[in-house]
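# Per-entry structural report
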Amino acid sequence: MPALRSLRSLTLAFLGALFLAISLTGIATYSAIHRSIAELVDKRIAGLSEDILSESPPGDARAILAHLAALSRDRDTADVGFALTDAQGRWLGGNLRLPWPLPQGSSTFTANDGIAGLTAGRALVRDAGHGLTLTLIAETDPIDKHGAARNRLYLFGFGSIVAIVVAGTILFVTLVSRRIGEVQETARAIINGDMQRRLPVDPSGGAFAEQATTFNRMLDRIAGLMAEISNVSNDIAHDMRTPLARLRSRLALIAQRPEAQGLSDEIAETIAQCDALLAMFAAALRIAEVEGGDRRAGFAMLDPGQLLAEFGEMMAPVAAESGHELVVGRHDAVLIEGDRQLLSQALINLVENALRHTPAGTRIALELTAKDDPAELSVRDNGPGIAPENRERALRRFGRLEPSRNRAGHGLGLPLADAVARLHQGALTLGDARPGLIVTIRLPRIRA
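What counts and what doesn't
Residues numbered from 1 in each chain as written. Predicted model: local features only at pLDDT ≥ 70, side-chain atom pairs only at ≥ 80, totals over all residues. Heavy atoms only, no water. Salt bridge = Lys/Arg side-chain N within 4 Å of Asp/Glu carboxyl O. Helix = DSSP H or I, 4+ residues; strand = E, 2+ residues; numbered from the N terminus. Buried < 20%, exposed > 50% of the residue type's maximum accessible area, 1.4 Å probe, protein only. Pairing = 2+ DSSP bridges. Axes fitted to C-alpha atoms, helices over the stretch in contact; angles between N-to-C directions. Core = buried A, V, L, I, M, F, W, Y, C linked by side-chain atoms within 4.5 Å. Contact = heavy atoms within 4.5 Å.

A few words on the pattern of salt bridges. By the definition in use, this model includes 13 salt bridges. A salt bridge links Glu310 to Arg340; the nearest nitrogen and oxygen atoms lie 2.5 Å apart. Of the two residues, Glu310 sits in helix α6 (residues 304-321) while Arg340 sits in helix α7 (residues 340-357), which places them 30 residues apart along the sequence. Residue Glu310 is classed as partly exposed on the basis of its relative accessible area of 38%. Residue class for Arg340 comes out partly exposed when judged on its relative accessible area of 36%. Across the pair Glu325 and Arg363 runs a salt bridge, and its minimum N-O distance is 4.0 Å. Taken together, the positions of Glu325 in strand β7 (residues 325-331) and Arg363 in strand β9 (residues 363-369) put the pair 38 residues apart, joining distant regions of the chain.

Following this line, the structure appears as structure tokens:
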């Protein structure tokens, strides 16, 4: 069933089916018992009436009354009512007086019928011959208030079953919900960079403990594989930085020699390429450091609005040098828990990305809105923007959108800003500024 996809819906469906089954069982049991009692009573009074009429001549009121008197003295028939009436409905004898005539054949009566001393039962009316009518009545509740007691028995019996099942279901749902919550909390921690988080394992054992152990072993394996990949990448970056730094130093020394004056432009371009490679490796190592989550230990409360204002004032002259206009718009006062240096680095990357990929005259606006949770820090420009189908690739490492790669850059600016956002338990998204690109970093705020 497509609607039963959550633990809550499954629980409600189970309880609904349980209540329906118990209700139907109770109704069926109640009806079966009442029907069985009625059938037994009908057989008994039918047998008594047959005995009376078979041993008395038809229409002989005196013989029938004598027989009724004898039965009334019998202890086995003390709970049965007898009445003999004539053709005009006058009572001739018996231990029972009826307020009104009952229909021929078998019928059911209740306390509302007004028969003195009787609450509920069955009646049998037969023709005794020559206009005489024989009426026999027997109760289906042989004990006073037996029906109420039986109903209480049903209520408490089936009610206790319902209470036990509901309590067990609530306990089960609570246990499963707690386990699911632990898995979700662990998964969120890992998503936020805490690769050492694991599920708690119940020392008493059991199926949940075994599941947690297996899940933790899987996380250990994944963490080990990621560590190996990260170590390889970091080792390559570290190992490449050293010879590149040496190469750059050698080129700088060569450029100072007199015989290298004719090659000064080529040497300067080569040094610039070395600097770009060193910056790329430094950015890759920086992303690995951020994604490792270790920087979270140094988080402190800060106001990103104030940080945005200071950053805009610092970067406005830099943007003006390239013919761009950098402005700081709305910047609400809000508190977050984070790393000031990393957030500054993310802003630098986003602004440099806008300066690099938009033409002169482009307006770049910085803004922080905190009307909702999370707060939204945005960098908006009115340049060419990024097509929706290319935005996912732009957030990948080295995901440059220019196939020829003729422009400066290494494709790590946006991924680093994205890693900083995720470290702060936030998210970075690329959107359409109409025209241009808007990059938004959502940061969970601290409520005062």
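Now, onward.
What follows deals with the sheet that holds β7. Taken in spatial order, the five strands line up as β7-β9-β10-β12-β11 in an open sheet, and their pairing is mixed. In the strand order of this sheet, the two ends are held by β7 and β11 (427-432), each with one partner. Averaged over all adjacent pairs, the angle separating strand axes in this sheet is 15°, with direction ignored. Alignment of β7 against β9, held across five bridges, turns out to be parallel.

The next subject is helix α9 (residues 413-423). An α-helix turns once per 3.6 residues; consequently, residues spaced three or four apart project the same way. In terms of burial, α9 is largely enclosed, as nine of its eleven residues are buried. Within α9 the residues assigned to the buried category are Leu414, Pro415, Leu416, Ala417, Asp418, Ala419, Val420, Ala421 and Leu423. Following α9 by one or two positions, Gln425 has its phi on the positive side, about 60°.

With that settled, consider the nonpolar core. If you look at the biggest cluster of nonpolar residues, it comprises 39 residues, and the most contacted ones within it are Leu343, Leu347, Leu350, Leu366, Leu428 and Leu430. The set of elements that each furnish at least two residues to this core consists of α6, α7, β9, β10 (375-381), α9, β11 and β12 (437-443). For this core, the element with the highest residue contribution is α7, accounting for eight residues. The contacts of Leu343, once residues within four sequence positions are left out, are Leu302, Leu307, Ile336, Val420, His424 and Leu443. Listed in part, the 17 residues of the second largest apolar core include Ile64, Leu68, Phe82 and Leu84.

Now for the environment of Arg434. Within the secondary structure, Arg434 is located in the loop between β11 and β12. When the C-alpha positions of Arg434 and Asp381 are compared, they lie 9.3 Å apart, and in sequence the two are 53 residues distant.

This next bit is on the pairing of strand β4 (residues 121-129). With seven of nine residues buried, β4 lies mostly within the body of the structure. Across five bridges, the pairing between strand β3 (residues 105-109) and β4 is antiparallel. Paired with Ser106 across the strands is Leu124, a residue of β4. Bridge count between β4 and strand β5 (residues 132-139): eight bridges; the pairing is antiparallel. Among the inter-strand pairings, Gly121 is bridged to a residue of β5, identified as Glu139. Remark: two residues form the turn of the hairpin made by β4 and β5, two consecutive strands paired antiparallel; His130 in that turn has positive phi of roughly 55°.

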